[in-house]
Amino acid sequence: MRQFRKIDEALFKTEPCITRYPDPVLTYKDVPYKAALTFNAGVLKKENGKYIMIFRNDYGDYEAQKLEGTNLGVAYSDDGIHFEVEPEPCFAMKDEEIMRVYDPRITEIDGEYCICFAVDTKHGVCGGMATTNDLKTFTVKSISVPENRNMVLFPEKINGNYVRLERPMPVYSRDGDVFDIWLSESPDLVYWGKSRLVMGVEDVPFANDKIGPGAAPLKTDKGWLMIFHAVDRDMDRGKNGWEAKWTKRYTIGIALLDLQDPSKVIGMSKKPLIVPEGHWETVEGFRTNVLFPCGAILEDDDTVRIYYGASDTVVCMATAKLDDLIALCTEPRQEK
């Protein structure tokens, strides 16, 4: 059996610069069609001030552990907190090979929306990308080979190419569940290459299982601010959510990537930014102790909104000042 590196629990305390919004910003009750779990939502803000959210919607009877399927929904908001969901799902895929799509991210680039999503197929998990102008009609640009997912597109071309973060899943060479963050480039969103490692699990002091991209990176003067999820596993953990034994904890981390070559990490917080603490994160939910960031907005006043799925059940939000986040990635920390 694989042995997991023990991590000092003193690391797992939400940074004081973070302010959580007290309630979820989206739950299944906000969805006007069949819904049970609404979470892992990508969010962006338009120039007119309107917020757009595209979210994962699992439907069925989650209390009986009988979920029927998954689709993606879209919602709009004037304040980034109170969202109104469109009357029908916006996107789904299912055929002889594809079973579902989920965990969307949204980026606007060159006047077009690009949606990144995971794809469950009968022959493995893939990462998909689609474009749309109206969030109603989608053109699928590419689907990766297995095993790859958690794709996030940078909001502008870098050195003439589209760039994405991703999380391949090399189960043979990395001892099972050890997954890292990689980067690939494309001239057209269809053909991807120049792939290279960005960050390994061993580089993150608060992860011993896997890491993966979260929200689309935010461009700052100091570098690209990358918000990622990090997983630590402790075999002594007990029941969480519906599973008889859930040994994982998902936290949210931050790092800075070089502006010209974002495969280079130039700074990283040595502690998680956000850890499971609140009611929706540790007590109630389908799979508790899971925080999964998929959206980040940089406001005009330098407030960063971080949207994340909590317990695979609802969408929550936290805020922090940009300078504080950059400081966590770049300044030496004096431990108390």
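Placed above this text is the structure.
Presented here is a report on the structure given in the accompanying data block. (Residues numbered from 1 in each chain as written. Predicted model: local features only at pLDDT ≥ 70, side-chain atom pairs only at ≥ 80, totals over all residues. Heavy atoms only, no water.)

## Digging into the overall build of the protein
Across its full length, the protein carries two helices and 21 strands. Radius of gyration (C-alpha) of the protein: 18 Å, near the 20 Å computed for a compact globule of 336 residues. For the protein, the proportion of its 336 residues judged to be buried stands at 60%. Put simply, the protein shows about 14,700 Å² of open surface, and 48% of that area lies on carbon and sulfur atoms. One way to put it: in the protein the 42 positive side-chain charges average out to a point 4 Å from where the 54 negative ones average out. (Helix = DSSP H or I, 4+ residues; strand = E, 2+ residues; numbered from the N terminus. Rg over C-alpha atoms; globule rule 2.2 N^0.38 Å. Buried < 20%, exposed > 50% of the residue type's maximum accessible area, 1.4 Å probe, protein only. Areas by Shrake-Rupley, 256 points an atom, 1.4 Å probe, with all protein chains shown as cover. Lys, Arg positive; Asp, Glu negative; His and termini not counted. Charge placed at Lys NZ, Arg CZ, Asp CG, Glu CD.)

## Topic: a negative patch on the surface
On the surface, Asp300, Asp302, Asp323 and Asp324 cluster together into a patch of negative charge. Residue position: Asp302 is located in the loop between β19 (291-298) and β20 (303-310). According to the relative accessible area criterion, Asp302 is partly exposed, its value standing at 36%. (Patch = residues over 30% accessible without salt bridge, like charges linked within 9 Å, V, L, I, M, F, W, Y side chains within 5 Å. Salt bridge = Lys/Arg side-chain N within 4 Å of Asp/Glu carboxyl O.)

## Topic: the side chain of Thr27
Take Thr27: it is sitting in the loop between β1 (19-20) and β2 (37-45). Judged by its relative accessible area of 15%, Thr27 is buried. Among residues more than four places away in sequence, those in contact with Thr27 are Thr38 and Val314. (Contact = heavy atoms within 4.5 Å.)

## Points about the environment of Gly214
Inspection of the secondary structure assignment puts Gly214 in the loop between β14 (210-213) and β15 (218-220). Taking the C-alpha atoms as reference points, Gly214 and Thr132, separated by 82 residues in sequence, lie 21 Å from one another.

## Notes on the environment of Pro89
Among the secondary structure elements, Pro89 is positioned in the loop between β5 (84-85) and β6 (98-109). When its relative accessible area of 33% is taken as the criterion, Pro89 is described as partly exposed. Beyond its immediate stretch of four places on either side in the chain, Pro89 contacts Tyr33, Asn71, Leu72 and Gly73.

## A few points about the sheet that holds strand β10 (residues 148-153)
An order of β10-β11-β12-β13 is seen for the four strands of this open sheet, with the pairing classed as antiparallel. Taken across any chain shown, the strands that pair with only one partner, and hence form the sheet edges, are β10 and β13 (193-199). In this sheet, neighbouring strand axes are inclined to one another by 30 degrees on average, regardless of whether the strands run parallel or antiparallel. Sheet analysis places β10 next to strand β11 (residues 162-168), joined by four bridges and oriented antiparallel. Looking at the pairing, Asn148 lines up with Pro168 of β11. (Pairing = 2+ DSSP bridges. Axes fitted to C-alpha atoms, helices over the stretch in contact; angles between N-to-C directions.)

## Some thoughts on the packing of aromatic side chains
Tallied over the full model, the rule gives seven aromatic pairs. Pairing Trp246 with Tyr250 gives two aromatic rings, centres 6.5 Å apart and planes at 5 degrees, and the pair type is stacked. Overall, the relative accessible area of 9% leaves Trp246 in the buried class. When the centroid spacing of 6.3 Å and the interplanar angle of 55 degrees are considered together, the rings of Tyr250 and Phe292 count as tilted. Here Tyr250 is found in strand β17 (residues 248-257), whereas its partner Phe292 is found in strand β19, with 42 residues between them in sequence. Phe292 shares its class with Tyr250; the two are buried. (Phe/Tyr/Trp six-rings, centres within 6.5 Å; stacked < 30°, edge-to-face > 60°.)

## Considerations on the pattern of salt bridges
Two side chains carrying opposite charge are able to pair once their charged atoms lie near each other. As enumerated under the stated definition, the model contains 22 salt bridges in all. When the shortest N-O distance is used, the salt bridge between Asp261 and Arg196 registers 3.3 Å. Of this pair, Asp261 sits in the loop between β17 and β18 (265-268) while Arg196 sits in strand β13, and the two are 65 residues apart along the sequence. Using a relative accessible area of 23% as the deciding quantity, one classes Arg196 as partly exposed.

## Looking at the sheet that holds β5
Remark on secondary structure: sheet strands pair via backbone hydrogen bonds, oriented parallel or antiparallel. Here four strands make up an open sheet; going across it, the order is β2-β3-β4-β5 and the pairing antiparallel. With partners counted over all chains shown, the strands left at the sheet margins are β2 and β5, one partner each. The sheet contact formed by β2 and strand β3 (residues 51-61) spans seven bridges and is antiparallel. Opposite Leu44, over in β3, you have Ile52 as the bridge partner.

Interpretation in functional terms is not warranted from these geometric data alone.
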